[in-house]
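Descriptive structure summary
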Amino acid sequence: MQHAILLAAAALFSGCAATDPLPSWREGEVKNGIVDFVQRVTDESGPDFVPAGERVATFDNDGTLWSEQPAYFQLLFAIDQVRAMSSDRPEFLDEEPFRSAVEGNLDGVVASGKEGLLELVMASHGNTTTDEFAAIAREWIETARHPTTAKPYTRMVYQPMLELLDYLRAEGFEVFIVSGGGIEFLRVWAEDVYGVPPQNVIGSAIAMTFEWDDGTPILMRQPKIDFIDDGAGKPVAIQRHIGRRPIAAFGNSDGDLEMLQWTAGGDGPRFMALVHHTDGDREWAYDRESHVGRLRWALDEAAEQGWTVVDMARDWETVYAPAKDE
């Protein structure tokens, strides 16, 4: 009899575990808060019900859905492209930040500041058609390796966040990526890695022009910035692309502060969360003084406003998604 009861209990526990939408999230206040919010806004009989068409969730990418150290991955892509171009551009060795990029000196590249980084992006991302750029970005994301972990960049995606994306979609949310990274760079691989289609990717953009090439219409990428999707630009981009205020927003840095503020400012139930990088053993630990993904003002506001702060070391059972063959 006792054995039968134990078997029944084990079966019940197994069934509950199998239905856990967030198995890589440790039990606790953060996980419970996410599940509670989703249950409230999807309960048609409850006071916080939100119709499916209004369930919009926005996610930053760098540092929120995948790692961002020792530099933003798209910057590492730009550096690799400049190095590949250097044999045809000897002038790169005479000026910064190009010389540092060619020499693989990441500190020198970062020291060039925002203007220098934009120069790298323009040189490496412009003067190509959209199809040509997509092919270059796709080859890089499939073959390049992270300088510290030697993993493919798509292996540095956070398993808990993949589960969260799937959970929200299963509950009738429409999920968008709202990133300071380049929109065309992200669109190449976001659907395969995150399940987010190209039309749901919002990011920084360089200017493009419609042109003809031997009777074929093309879009030519120009070496100049059209829009920076960071900081106060994120709410603007959300309004332009989505036309609806999110009811949930997830970020990790001060560059996401305005997106979370915009989300919080709406009526009805809201969920704002920051991924706090606290795990120096499994990933990196950084926040207020980091040159990448600095989290200072947003962390203070999260405390003041009662937003959710995801402590990576405390709240995640697993950090990175396993390879598909694992």
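Right above here is the structure, for reference.
Residues numbered from 1 in each chain as written. Predicted model: local features only at pLDDT ≥ 70, side-chain atom pairs only at ≥ 80, totals over all residues. Heavy atoms only, no water.

**Re the overall build of the protein chain**
What counts, and what does not: Numbering of helices and strands runs from the N terminus; a helix is a DSSP stretch of H or I covering at least four residues, while a strand is a stretch of E covering at least two. Put simply, the radius of gyration uses C-alpha atoms, and a globule should come to 2.2 Å times the residue count raised to 0.38. Buried means the residue's accessible area, taken with a 1.4 Å probe over protein chains only, is under 20% of the maximum for its type, while exposed means over 50%, and partly exposed covers the values in between.
For the protein chain, the count of helices and strands is 14 helices and eight strands. In terms of C-alpha radius of gyration, the protein chain reaches 22 Å, essentially the compact-globule figure of 20 Å for 326 residues. Taking the principal axes of the C-alpha coordinates as reference, the protein chain spans close to 80 × 45 × 40 Å. A total of 326 residues make up the protein chain; the buried ones form 49% of that total.

**Some details on unusual backbone geometry**
In this structure, Pro70 follows Gln69 across a cis peptide bond, with omega equal to 0°. Note that Pro70 resides in the loop between β1 (56-59) and α3 (73-85). A cis amide bond links Glu96 with the next residue in sequence, Pro97, at an omega value of 5°. Assignment of secondary structure puts Pro97 in the loop between α3 and α4 (98-103). Non-glycine residue Ala150 carries a positive phi angle of around 65°. For Ala150, a relative accessible area of 52% corresponds to the exposed category.

**Notes on helix α11 (residues 233-241)**
Applicable threshold: The criterion used for residue contact is that any of the two residues' heavy atoms lie within 4.5 Å.
Of all the positions in α11, only Gly233, Lys234, Pro235, Ala237 and Ile238 are classed as buried. Structurally, α11 contributes buried residues whose contacts are with β1, β3 (174-182), β4 (201-213), β5 (216-227) and α12 (257-264). At the C-terminal side of α11, Gly243 shows a positive phi close to 75°.

**A word on a nonpolar patch on the surface**
Short version of the rule: Without a salt bridge and with relative accessible area above 30%, a residue can belong to a patch; like charges are then joined within 9 Å and nonpolar side chains (Val, Leu, Ile, Met, Phe, Trp, Tyr) within 5 Å. Note on areas: Shrake-Rupley, 1.4 Å probe, and residue coverage restricted to the protein chains presented here. The term salt bridge refers to a side-chain nitrogen of Lys or Arg lying within 4 Å of a carboxyl oxygen of Asp or Glu.
A cluster of nonpolar side chains, Met208, Phe210, Trp212 and Leu219, forms an exposed patch at the surface whose accessible area comes to about 460 Å². For the nonpolar patch, the element with the most residues is β4, which contributes three residues. Checked against the element boundaries, Phe210 lands in strand β4. Look at Phe210 and you get exposed, because its relative accessible area is 54%.

**A look at the pairing of β3**
Looking along a regular strand, one sees side chains alternate from face to face of the sheet. How we decide: By definition, two strands form a pair when at least two bridges between them are found by DSSP.
By the criterion of burial, β3 is predominantly enclosed, with seven of the nine residues buried. Direction of pairing for β1 relative to β3: parallel, over a ladder of four bridges. Residue pairing in the sheet places Phe59 in a bridge with Ile177 of β3. In the sheet, β3 pairs with β4 via three bridges, with the strands oriented parallel. Bridge pairing in β4 links Gly182 to Ser204.

**Some details on the nonpolar core**
Note the threshold: By nonpolar core is meant a set of buried Ala, Val, Leu, Ile, Met, Phe, Trp, Tyr and Cys residues that side-chain atoms within 4.5 Å join together.
The biggest cluster of nonpolar side chains holds 66 residues, and the ones touching the most others in it are Trp25, Phe59, Met161, Leu164, Leu168, Tyr194 and Trp316. Sequence-distant contacts of Tyr194, defined by excluding residues within four places in its chain, comprise Asn61, Leu65, Trp66, Val157, Leu162, Leu165, Arg169, Ile177 and Trp189. In terms of nonpolar packing, the next biggest core, distinct from the first, is built from 19 residues, Ile238, Ile242, Ala249 and Met259 among them.

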